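Residues per chain, in single letters:
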Amino acid sequence: MLRSRIIGTGAYAPSKVLTNFDLEKLVDTSDEWIMERTGIRERRIAAEDEATSDLSIKAANNAIKMAGIKPEDIDLIIVGTVTPDMFFPSTASIVQGKIGAKNAVAFDISAACSGFIYAMSIADQFIRNGTYKTALVIGAEVLSKIIDWSDRNTCVIFGDGAGAVILRGDNGKSGILSTHLHTDGSMWDLLYIPGGGSRYPVSHQMIDDKLIYMKMKGNETFKVAVKSLEAVILEAIEHNKMKPSDVNWIIPHQANLRIIQAVVKRLDIPIERVVLNIERYGNTSAASVPMALDEAVRDGRVKKDDVIIFEAFGAGLTWASALIRW
Ligand code: ACO
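Residues numbered from 1 in each chain as written. Predicted model: local features only at pLDDT ≥ 70, side-chain atom pairs only at ≥ 80, totals over all residues. Heavy atoms only, no water.

1. Details of the sheet that holds strand β8 (residues 175–183)
Turning to step 1, where the next piece is worked out: If you walk across this open sheet you meet the four strands as β8-β13-β12-β11, and the pairing is mixed. Each of the sheet's edge strands pairs with one partner strand only, and the pair in question is β8 and β11 (249–252). On average, each strand axis in the sheet is tilted by 15° relative to the strand beside it, whichever way the strands run.
Turning to step 2, where the next piece is worked out: Strand contacts of helix α5 (residues 115–128): β8, β12 (307–314) and β13 (318–325), with the helix running at about 125° to β8, the strand carrying the most contacts.
Turning to step 3, where the next piece is worked out: Lying on the sheet, helix α8 (residues 218–239) is in contact with β8, β11, β12 and β13; it crosses β12 at an angle near 150°. (Pairing = 2+ DSSP bridges. Helix = DSSP H or I, 4+ residues; strand = E, 2+ residues; numbered from the N terminus. Axes fitted to C-alpha atoms, helices over the stretch in contact; angles between N-to-C directions. Contact = heavy atoms within 4.5 Å.)

Shown next, in the form of structure tokens:
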């Protein structure tokens, strides 16, 4: 059976580290509050001249190297991001040009924190229906540039980074066994950036009103996230006629340690089987799943035949899972 197999992973995080103690100097918060309520100790912040495509290219090149392919071998590039370099062209187009993937079709998709799993699911459909053989899928964000650094509700949570995978069509037992995507647009206003688009175009007034920055109703988002993530993981397990105990690794979107703990507790999956790096990177939106995957692949935690579930929840609202046999 033709499946998409992950043959390379890569990640990149900007070098600048912003700790909770640094944030104590910006807003009324504390290292203790942030650690206790989110599990985040520090996050990475892109340099002034670093955009999402720059992070994406570094992650992509690491994945290409691991896969042992050439950029010309790539047929499709999809970038999941809500912080593109610019409105257009797509960040994926910029990546395609700069890495020399001259045979690839390239586009972005917008699904916030679920963006990587959405993008991987789209690439998987193209591979399984035989249209393309090799795809580069990237989740990348420079959230630090859309955050109001005087809003303690959001500025303590987010960070910058990029992760990438190379997918290749293969007839073996391994690969993506399923993906499940969901959207509930009735709650779009739990998490959004009001201005800068066609609703509130850029003006001096909207900048003064801070409409260019992310707004989040964190507590309400938290509750919907826990329920939706439990359901989408169960959906993946049941679809594949498995049990929670068959899952070797959960690779979650790193939104909040308490969300992750609550979800795996409801499913009776031990926290030792969850790949966590939120303490070091915070919530990097679409980048968090492929960044955590890359870490677990490179340090040898993920082994051949392991059953792995990716899951994510974010603005839209969107949520998604992918079940993979490594
Ligand atoms: N430091 C200190 N106190 C704070 C801070 C802070 N940084 N932020 C909020 N507080 C205060 C609040 O003002 C409130 O005080 P009050 O009780 O006096 O009113 C109190 O702490 C509790 O606030 P809550 O918002 O209820 O705190 P909560 O435990 O929910 O944690 C958080 C907030 C971390 C934002 C959490 O709700 C969360 O993680 N939500 C989900 C985020 C998420 O998953 N987003 C989706 C993905 S992101 C994407 O798609 C781009």
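2. What to know about the pattern of salt bridges
Turning to step 1, where the next piece is worked out: Taken as a whole and judged by the stated rule, the model has 11 salt bridges.
Turning to step 2, where the next piece is worked out: Between D28 and R152 there is a salt bridge, with its nearest N and O atoms 3.7 Å apart. One end of the pair, D28, is in the loop between α1 (20–24) and α2 (31–38); the other, R152, is in helix α6 (residues 152–155), and 124 residues separate them in sequence.
Turning to step 3, where the next piece is worked out: Using a relative accessible area of 63% as the deciding quantity, one classes D28 as exposed.
Turning to step 4, where the next piece is worked out: Given the relative accessible area of 47%, R152 is considered partly exposed.
Turning to step 5, where the next piece is worked out: The partner of R266 in a salt bridge is E230, and the shortest N-O contact between them spans 2.8 Å. Of this pair, R266 sits in helix α9 (residues 257–267) while E230 sits in helix α8, and the two are 36 residues apart along the sequence.
Turning to step 6, where the next piece is worked out: Accessibility expressed as a relative area gives 18% for E230, which makes it buried. (Salt bridge = Lys/Arg side-chain N within 4 Å of Asp/Glu carboxyl O. Buried < 20%, exposed > 50% of the residue type's maximum accessible area, 1.4 Å probe, protein only.)

Purely geometric stuff here, so don't read any function into it on its own.
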